[in-house]
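Residue-level structural notes
Now for the letters of each chain:
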Amino acid sequence: MATPNPSIFTSSLEFYAHVLQTSSKSRNPFAGKSIHAHILKSGLHLSVFLKNNLMNLYAKTESISDARKVFDEMPVRTMYSWNTILSGYLKQGELDLAHEVFNNIPNRDSVSWTTMIVRYKEMGRFENAIKLFVEMVKDRVFPTQFTITSVLASCAAIGDLCVGRKVHSFVVKLGHGRCVHVMNSLLNMYVKCGDDNMVKVVFDQMVLKNVSSWNVMISLYMQSGHVDVAGAQFEQMSVRDIVTWNSMITGYNQHGYDIEALDMFTNMLKESSLKPDKFTLASVLSACANLEMLEHGKQIHAYIIRTEFDASGAVGNALVSCYAKSGGIETAQKIVEQSGTSYLNVIAFTALLDGYIKLGDIGPARRIFDSLRDRDVVAWTAMLVGYEQNGLNNDAVELFRLMVREGPKPNNYTLAAMLSVTSSLASLDHGKQIHAVSLRSGQGSSVSVSNALITMYSKAGSINGARRVFDLIQWHQETISWTSMIIAFAQHGLGEEAIQLFEKMSALGIKPDHITYVGVLSACTHVGLVEKGKTYYNLMKNVHKIEPTPSHYACMVDLFGRAGLLQEAYDFIENMPIEPDVEAWGSLLSSCRVYKNIELGKIAAERFLLIEPNNSGAYAALANLYSACGKWDDAAKIRKSMKDGGIKKNQGISWVQIQNKVHFFGVEDALHPRKNAIYNMMAKIWEEIKKRGFVPHTESVLHDLEDEVKEQILRHHSEKLAIAFGLLSTPENTTLRIMKNLRVCNDCHSAIKFISKLVGREIIVRDATRFHHFKDGLCSCRDYW
């Protein structure tokens, strides 16, 4: 710093004052003590004016201890002296010493109060800032514009609308209404505190408005979903900054107006000289991702590369999401490999996961998941859901176990997803373990978890477990909960219980939805309550004004068909206001096979195959219908046409879980390591139940074979082998739970009734349509299935 010539000043006092003020502006840390020494030599050390300037220099060059020495040596102190040392302590973070000084100031002025209030606000101690403001008002010190903006910012930060309104009254009283910064602070306070009406009032009353004022209003309207109003405000603006454009682009994107977001971005590039920032690019890439506009995303990516824009953080995540959602999963993976996963957020990871699921290859997603630095509960849940959606239920179970051991605490979404996995596996043991985890984590009472528990217990064959969960949450009166329980009862053949629950639901005023009606119509179907089903169907349409879906129509066809009312079922299909689907025709075809109606069965099969020409189920059902009616040549022709067309029949498979391991069985299965023991066990059981009166249903074998051969085939049906293995592998008196992918046949149904009485166990079989609870020689379906 060049030393000025003393001769140009009228006095030494003026000279030293100039040197001190110049040094304060340059914040020269070495100037203070040197100038201080010269002042002492010149005898001007008693000047309050010079001491104030000297103290200010020390404070600004972070020599607060030297500033305090000067302050303590002052025989006379002005308000400037007090405020200077106060400000110095606050800037150094010496809050206790600042308080000591503040409390000792004889007559605190607005600068003293504002200095403290501003510092508290900057430190995030908003309550203290507000409390000081209240004390300032009580001390009859008028706040300045700076005080007011700081207090309003503090009120906005903690949502203190009460004090904010009082500050507003000061704005009016002190005549600060023409100060744009004060009025903008008011706008911000009311926005953050949620008083939208006052935001509009303040905005309309503003004499002067700047870009920030308009931006607040645009942001407000966008956040509240009034997209058109925000657009109108935007059009009224004569000057726009990057915040204005970002508010519009981001708002459009967040509310699903992605085309408008891209148009706004195009207009921004055309009409202004502003350059996109990270918020602009992240929102535009998000719009491209939602629209799956890969080419647009590539153009923005090219801009990012060309301008050497920092593509980490939000922009990088948006870029990955854009490519992953738009079919460019390989490029998305390259970006992750080049940039690493340290910045990858859950949204981008989920987009990658979805992309890999679409490709049927979830391995890369797991590798990325394993490399994520911050794997929160959302990331874990996304990975678990990815496994579930890809049918990799065992991988989901293993990952969940790892999460319980090493990861974050599962939330209700995690638990609901895992209960869905165990429902698919029909694994009661796994389901009970997850139920225990939900109770320990405090999520057991969550409605979503409870509903998933009802479904899990029901699909695992434990209707009592489902009922116990429902009894704990039915007071919630959630439609979904009641619907889940009604469907559970229906699946287990407890039609009367399902209907009673539906009636109770209606009496409590809980409104059923279309899924509820699928449940109650299914319940009527499984127990043959045709008239009751027709009543509920009409109630759904005429009282609750629910338009029937294909599922409702299929339920009605099934209701008539199972009861043997095949013509009524066919007439119902013909009179449907929508085109019948495979579910309706398939239901009729299945009933025709049971009741051996070839004429209607052929019609149902033909109409079915017009919709899905390669559906093996329709061919198989028609062939079985011919076989059941003894038309072996026709059945053979159908099977030959299947073979010639390369159409393979779905094979019957049954499975049973023993000690967390699932064992699968097919007809005449010879692959199981314990096949000899299983076949011997089944042979013994077969002879014993025949002694007790069981007669094999040889007509269930739909091939033209000798009865002895038919009986051997029947003895080795998949569910019988699974039962034999279950009896060999589990303690006596325990319940056996068997799962089957197709409808259980007449012979197996009859045989299992005898087996349940023979071994003294309950045997629960879940087939393609429902549960059968076999106990003491009886079945819960009462032989109506």
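The protein carries the name DYW domain-containing protein in an unreviewed UniProt entry, which gives Acer negundo as its organism. Heading Sequence similarities (unreviewed entry) of the UniProt record for the protein holds this comment: "Belongs to the PPR family. PCMP-H subfamily."

When its secondary structure is counted, the protein shows 42 helices and 6 strands. Computed over C-alpha atoms, the radius of gyration of the protein comes to 39 Å, more than 25% over the 28 Å expected from 2.2 N^0.38 for 785 residues, which places it beyond the range of a compact globule. Each of the three principal axes of the protein carries a C-alpha extent, and together these read 130 × 55 × 55 Å. Relative to its full complement of 785 residues, the protein shows a buried share of 50%. Counting contacts in the protein only where the partners sit at least 6 residues apart, residues at least 24 apart contribute 61% of the total. Surface exposure of the protein reaches about 37,500 Å², of which carbon and sulfur atoms provide 51%. Taking the average location of the 83 positive side-chain charges in the protein and that of its 79 negative ones, the two points are 5 Å from each other.

The first and last C-alpha atoms of helix H26 (residues 428-440) sit 18 Å apart over 13 residues, in line with the 18 Å expected at 1.5 Å per residue. Residues Leu-428, His-430, Gly-431, Ile-434, His-435, Val-437 and Ser-438 constitute the buried set of H26. Buried residues in H26 make contact with helix H24 (393-406), helix H25 (412-425), helix H27 (447-459), helix H28 (463-473), strand S1 (653-658) and strand S3 (736-740). Looking one or two places after H26, you find Gly-442, whose phi comes out positive at around 80°.

Summed over the entire model, instances satisfying the criterion amount to 19 aromatic pairs. Arranged with centres 5.8 Å apart and planes meeting at 70°, the rings of Tyr-537 and Phe-572 form a pair that is edge-to-face. Linking Tyr-537 in helix H32 (residues 530-542) with Phe-572 in helix H34 (residues 566-574), this pair joins segments that are 35 residues apart in sequence. Neither Tyr-537 nor Phe-572 differs from the other in exposure class; each is buried. An aromatic cluster is present here, built from Tyr-537, Tyr-553, Phe-560 and Phe-572 joined pairwise through their rings. Positioned over the ring face of Phe-203 is Lys-209, at 4.0 Å from the centre of the ring.

Within the secondary structure, Arg-375 is located in the loop between helix H22 (363-371) and helix H23 (377-389). Each C-alpha atom, one on Arg-375 and one on Asn-345, is 9.1 Å from the other, the two residues being 30 residues apart in sequence. Beyond its immediate sequence surroundings of up to four residues, Arg-375 is in contact with Phe-369, Asp-370, Trp-380 and Pro-408.

The subject of this paragraph is the packing of helix H17 (residues 278-291) against helix H18 (residues 294-306). One way to put it is that H17 packs onto H18 with a least axis distance of 9 Å and a crossing angle of 155°. Taken together, the axes of H17 and H18 are roughly antiparallel relative to one another. Along this stretch, H17 crosses H18, giving a crossing that reads as left-handed. Counted together, Leu-281, Val-284, Leu-285 and Cys-288 of H17 and His-296, Gly-297, Ile-300, Tyr-303 and Ile-304 of H18 form the full contact between these two elements. Of the residues belonging to the contact of H17 with H18, the class tally is 7 nonpolar, 2 polar and no charged.

All right, on to the UniProt feature "repeat: PPR" (unreviewed entry) in the protein then. Cross-referencing UniProt, the feature "repeat: PPR" (unreviewed entry) maps to residues 78-108, 109-143, 241-276, 345-375, 376-410, 478-512 and 615-649 in the present numbering. Split by type, residues 109-143 is 74% helix and 0% strand. Its first and last C-alpha atoms lie 9 Å apart. End C-alpha to end C-alpha, residues 241-276 measures 11 Å, and it is 75% helix and 0% strand.

We now examine the layout of surface pockets. Empty pockets left among the atoms are what a rolling probe the size of a water molecule brings to light. Counted as a void, the second largest pocket has a volume near 420 Å³. Around the second largest pocket, the lining is made up of 20 residues, and of these Asp-429, Gln-657, Ile-658, Thr-735 and Arg-737 lie nearest the centre. Elements with a contribution of two residues or more to the lining of the second largest pocket: H26, S1 and S3. A per-element tally of the lining of the second largest pocket places S1 first, with 4 residues.

The next thing to look at is the pattern of salt bridges. Enumeration over the complete set of coordinates arrives at 19 salt bridges. The partner of Glu-398 in a salt bridge is Arg-401, with the nearest N and O atoms 2.9 Å apart. Highlighted residues: Glu-398 and Arg-401, both in helix H24, separated by 3 residues, approximately one helical turn. Accessibility expressed as a relative area gives 47% for Glu-398, which makes it partly exposed. The closest approach of N and O atoms between Lys-690 and Glu-711, which form a salt bridge, is 2.7 Å. With Lys-690 in helix H39 (residues 675-691) and Glu-711 in helix H40 (residues 707-715), this residue pair connects regions lying 21 residues apart in the sequence. Taking the relative accessible area as the measure of exposure, Glu-711 reaches 18% and is therefore buried. Through salt bridges with shared partners, a single ionic network connects Arg-366, Asp-370 and Arg-375.

It is worth spelling out the pairing of S3 at this point. Burial within S3 is extensive, with 4 of its 5 residues counted as buried. Bridge analysis of S1 against S3 gives 2 bridges, and the strand direction is antiparallel. Across the sheet, Trp-655 pairs through a bridge with Met-739, a residue of S3. Pairing of S3 with strand S4 (residues 763-766) involves 4 bridges; the strand directions are parallel. The residue of S4 that forms the bridge with Ile-738 is Val-765. Handedness of the crossover joining S3 and S4 through helix H42 (residues 746-759): right-handed.

Basis of the calculations
Residues numbered from 1 in each chain as written. Predicted model: local features only at pLDDT ≥ 70, side-chain atom pairs only at ≥ 80, totals over all residues. Heavy atoms only, no water. UniProt positions renumbered as here; feature names shortened; annotations may be inferred. Helix = DSSP H or I, 4+ residues; strand = E, 2+ residues; numbered from the N terminus. Rg over C-alpha atoms; globule rule 2.2 N^0.38 Å. Buried < 20%, exposed > 50% of the residue type's maximum accessible area, 1.4 Å probe, protein only. Contact = heavy atoms within 4.5 Å. Areas by Shrake-Rupley, 256 points an atom, 1.4 Å probe, with all protein chains shown as cover. Lys, Arg positive; Asp, Glu negative; His and termini not counted. Charge placed at Lys NZ, Arg CZ, Asp CG, Glu CD. Expected span 1.5 Å × (residues − 1). Phe/Tyr/Trp six-rings, centres within 6.5 Å; stacked < 30°, edge-to-face > 60°. Lys NZ or Arg CZ within 6 Å of the ring centre and 35° of its normal. Axes fitted to C-alpha atoms, helices over the stretch in contact; angles between N-to-C directions. Parallel < 35°, antiparallel > 145°, perpendicular 65-115°, else oblique. Left-handed = near helix turned anticlockwise from the far one by under 90°. Nonpolar A, V, L, I, M, F, W, Y, C, P; charged D, E, K, R; others polar. 1 Å grid on protein atoms, 1.4 Å probe; cavity = no way out; pocket = protein on both sides within 12 Å on 5 of 7 lines; lining within 4 Å. Points joined across faces, edges and corners; volume = space filled by probe spheres on them. Salt bridge = Lys/Arg side-chain N within 4 Å of Asp/Glu carboxyl O. Pairing = 2+ DSSP bridges. Right-handed = clockwise from strand over helix to strand, strands pointing away.

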